[in-house]
Amino acid sequence: MIFETHAHYEDKKFDEDREEMIHSLREDGIGTVVNVGSDLKTSEASIALAKKYPDVYAAVGVHPSDVDCLDEEGMNRLRQWASEEKVVAIGEIGLDYYWDKESDVQKNQRDWFRRQLLLAAEVDLPVIIHSRDAAEDTMKILKEFQESHREITQPGVIHCYSYSPEMAKEFIKMGYYIGVGGVVTFKNAKKLVETVKTIPLSKIVVETDCPYMAPEPHRGERNASRYLPYVIEKIGQIKEVSKEEVEQVTAENARKLYRL
Ligand code: NI
């Protein structure tokens, strides 16, 4: 069974058929889903989904573009939620300089990124990192964090990986998994294809980021975990192994990542 490491089924794009989509997961070959929060509301909604469906787990955290919703009270809520039984990670957290170009906004992102990394260390959970157009600062902050928390052996995943193969190797050296999704099937995905070719299969996990990032031949449509076989097939082609092997190894990796 496929392990879906990053989905947003609480999104309003699933309001019409959420129940149906989640009920059909096993028929579609998906064994486990981690539903990822991106602000306080969606973190709470992720926990609600995890409580309702046995195959769904939750991550709680605030996305860099949504950190305006955070304050001490918000951090306390995240801390409380982190101890809920089916919460397996803190995320998605990180830096996004693509949408936010002003230096004070970017500094604010870095501050809340650091705070949420500290929370993850405190509650002993891995992190789900969102990083876009912010490779250097992400690496710098994660390195500082590791220097001060050497006890962490399983730090987390770099989700929807978009940087160079060299940088992927560096993240892997630090203990991170690399999240690969629909982008790998796109015609212009040369860099990600090169990354997948370069890094070991034992460090790759698969994800949709649904409802976004649908793979070919569904690019532009609403994404869902049932499209993960296209991602798995493509990874198999790149690494010259069977889809069954990709499915099995990436599921094993995901269980290690989220300690399930
Ligand atoms: Ni996401």
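Residues numbered from 1 in each chain as written. Predicted model: local features only at pLDDT ≥ 70, side-chain atom pairs only at ≥ 80, totals over all residues. Heavy atoms only, no water.

**Q** How should unusual backbone geometry be read in this particular structure?
**A** Leave glycine aside and you will find that most residues have negative phi; peptide bonds, for their part, are mostly trans. The peptide bond linking Cys-210 to Pro-211 adopts the cis configuration, its omega dihedral lying at 15°. Secondary-structure assignment places Pro-211 in the loop between strand E8 (204-206) and helix H8 (228-239). In this structure, Pro-217 follows Glu-216 across a cis peptide bond, with omega equal to 5°. Locating Pro-217 in the fold gives a position in the loop between E8 and H8. Positive phi, normally seen in glycine, also occurs at Met-213, with a value near 65°. Assessed through its relative accessible area of 34%, Met-213 is described here as partly exposed. Backbone geometry places Arg-259, a non-glycine residue, at a positive phi of 55°. Checked against the element boundaries, Arg-259 lands in the segment after helix H9 (243-258). According to the relative accessible area criterion, Arg-259 is partly exposed, its value standing at 45%. (Helix = DSSP H or I, 4+ residues; strand = E, 2+ residues; numbered from the N terminus. Buried < 20%, exposed > 50% of the residue type's maximum accessible area, 1.4 Å probe, protein only.)

**Q** What am I meant to see in the side chain of Arg-18 here?
**A** Its place among the elements puts Arg-18 in helix H1 (residues 18-23). Residues contacting Arg-18, with those up to four places away along its chain left out, are Tyr-9, Glu-10, Asp-11, Lys-12 and Leu-49. (Contact = heavy atoms within 4.5 Å.)

**Q** Hey, could you run me through the coordination of the nickel ion in this one?
**A** For the nickel ion, the full set of protein donor atoms is His-6 (NE2), His-8 (NE2), Glu-92 (OE) and Asp-209 (OD), at a range of 2.1 to 2.2 Å. Angles of 86 to 175° at the metal separate the 4 donor atoms of the nickel ion, which places the site in the irregular class. If you list the donors of the nickel ion from N- to C-terminus, the spacing comes out as H-x1-H-x83-E-x116-D. Pair noted here: His-8 is in the loop between strand E1 (2-7) and H1 and Glu-92 is in strand E4 (residues 87-96), with a separation of 84 residues, a long-range link. (Donors = N, O, S within 2.8 Å, 3.2 Å for Na, K, Ca; no water. Tetrahedral: all angles 85-135°; square planar, octahedral: opposite > 155°, others 65-115°.)

**Q** Teacher, can you tell me more about the packing of helix H5 (residues 135-148) against helix H6 (residues 165-173) here?
**A** Between two packed helices, the angle of one axis relative to the other and the distance separating the axes together describe the packing. Contact geometry for H5 and H6: axes closest at 12 Å, N-to-C directions at 15°. In this view, H5 runs roughly parallel relative to H6, as classed from their interaxial angle. Every pair of crossing elements has a handedness; the one defined by H5 and H6 is left-handed. Contacts between H5 and H6 involve Ala-135, Glu-136, Thr-138, Met-139, Leu-142 and Lys-143 on the former and, on the latter, Met-167, Glu-170 and Phe-171. Class assignment of the residues belonging to the contact of H5 with H6 gives a composition of 5 nonpolar, 1 polar and 3 charged. (Axes fitted to C-alpha atoms, helices over the stretch in contact; angles between N-to-C directions. Parallel < 35°, antiparallel > 145°, perpendicular 65-115°, else oblique. Left-handed = near helix turned anticlockwise from the far one by under 90°. Nonpolar A, V, L, I, M, F, W, Y, C, P; charged D, E, K, R; others polar.)

**Q** How should I be thinking about the environment of Lys-187 in this particular structure?
**A** With respect to the element layout, Lys-187 can be found in the loop between strand E7 (177-180) and helix H7 (190-198). On a C-alpha basis, the gap between Lys-187 and Pro-215 in space is 10 Å, while along the polypeptide they are 28 residues apart.

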